[in-house]
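Chain residues, written in single-letter form:
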Amino acid sequence: MQTTRLGRLLLAALAAGGLIGSAHADFKKVGYVNATRLYSESQTAKKIETGLQREFSPQQKKLAALQEKGMRLQKRLASGKLSKAEARKLESQLVETGRQYRAASAELTEEYNLRRNEEFAALQRKANEIIFNIIETEHYDAMLSEVIFIRGEFDITDRVIKLLDAEMQ
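Let me sum up the structure you'll find in this document.

Rules and cut-offs
Residues numbered from 1 in each chain as written. Predicted model: local features only at pLDDT ≥ 70, side-chain atom pairs only at ≥ 80, totals over all residues. Heavy atoms only, no water. Axes fitted to C-alpha atoms, helices over the stretch in contact; angles between N-to-C directions. Helix = DSSP H or I, 4+ residues; strand = E, 2+ residues; numbered from the N terminus. Parallel < 35°, antiparallel > 145°, perpendicular 65-115°, else oblique. Nonpolar A, V, L, I, M, F, W, Y, C, P; charged D, E, K, R; others polar. Buried < 20%, exposed > 50% of the residue type's maximum accessible area, 1.4 Å probe, protein only. Arc of directions from axis to C-beta. Left-handed = near helix turned anticlockwise from the far one by under 90°. Contact = heavy atoms within 4.5 Å.

### What about the packing of helix α4 (residues 43-78) against helix α5 (residues 84-138)?
Then step 1. Orientation of α4 relative to α5, taken along the N-to-C sense of each, is 175°, at an axis distance of 9 Å. One finds that α4 runs roughly antiparallel with respect to α5.
Then step 2. Residue classes in the contact of α4 with α5 are distributed as 17 nonpolar, 11 polar and nine charged.

### Remarks on unusual backbone geometry
Then step 1. Unusually for a residue other than glycine, His 139 sits at a positive phi of about 55°.
Then step 2. Its location among the elements puts His 139 in the loop between α5 and β2 (142-144).
Then step 3. Judged by relative accessible area, which is 61%, His 139 ranks as exposed.

### As for helix α6 (residues 157-167)
Then step 1. Where α6 is concerned, the buried positions are Thr 157, Val 160, Ile 161, Leu 164 and Asp 165. For α6, the buried positions fall inside an angular range of 130° around the axis, keeping them on one side. Exposed and oriented more than 90 degrees from the buried face of α6 are Lys 162 and Ala 166.

### Re the packing of α5 against α6
When two helices pack together, their arrangement is captured by the angle between the axes and the distance separating the axes.
Then step 1. At a minimum axis distance of 10 Å, the contact between α5 and α6 shows a crossing angle of 120°. Taken together, the axes of α5 and α6 lie oblique to each other. The way α5 lies across α6 gives a crossing that is right-handed. Together, Leu 123, Lys 126, Ala 127, Ile 130, Ile 131, Ile 134 and Glu 138 of α5 and Arg 159, Val 160, Leu 163, Leu 164 and Glu 167 of α6 make up the contact between the two elements.
Then step 2. Looking at the contact of α5 with α6 residue by residue, the classes come out as eight nonpolar, no polar and four charged.

This is the structure:
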């Protein structure tokens, strides 16, 4: 979060002051980290996603079973081979199954997103520690995370990914 704000503020200040052309002269060492790549390409992020899929697999299976039950009920209702009393009973069951499905789906989505946010917040904190360590030890004047364009020579994303994966093993 801090690096994103820093990048935005830096670019806004440079643009507002008409300093874009002289930005390189003001900063001797500038770096860039692609946060999207960091959270999608690192082995640590992939392990988080795999772990979450494994953790929430039982709830996903229950949801799929409810969906299947609803489809079976719909199919029986559509067959036209039921008495009115049976049809009303099945309609009631279908409505209840739909309610259960929606509730279970909302609960799963909420729990999954909460856990995912927790895991990726920890990943982000660790990545920021690594980035700030690089800034301090290598004396960067600016580190950006959101830019419209930057030459590859300033991109340290691969280094951060390697360090992050090594520390999170």
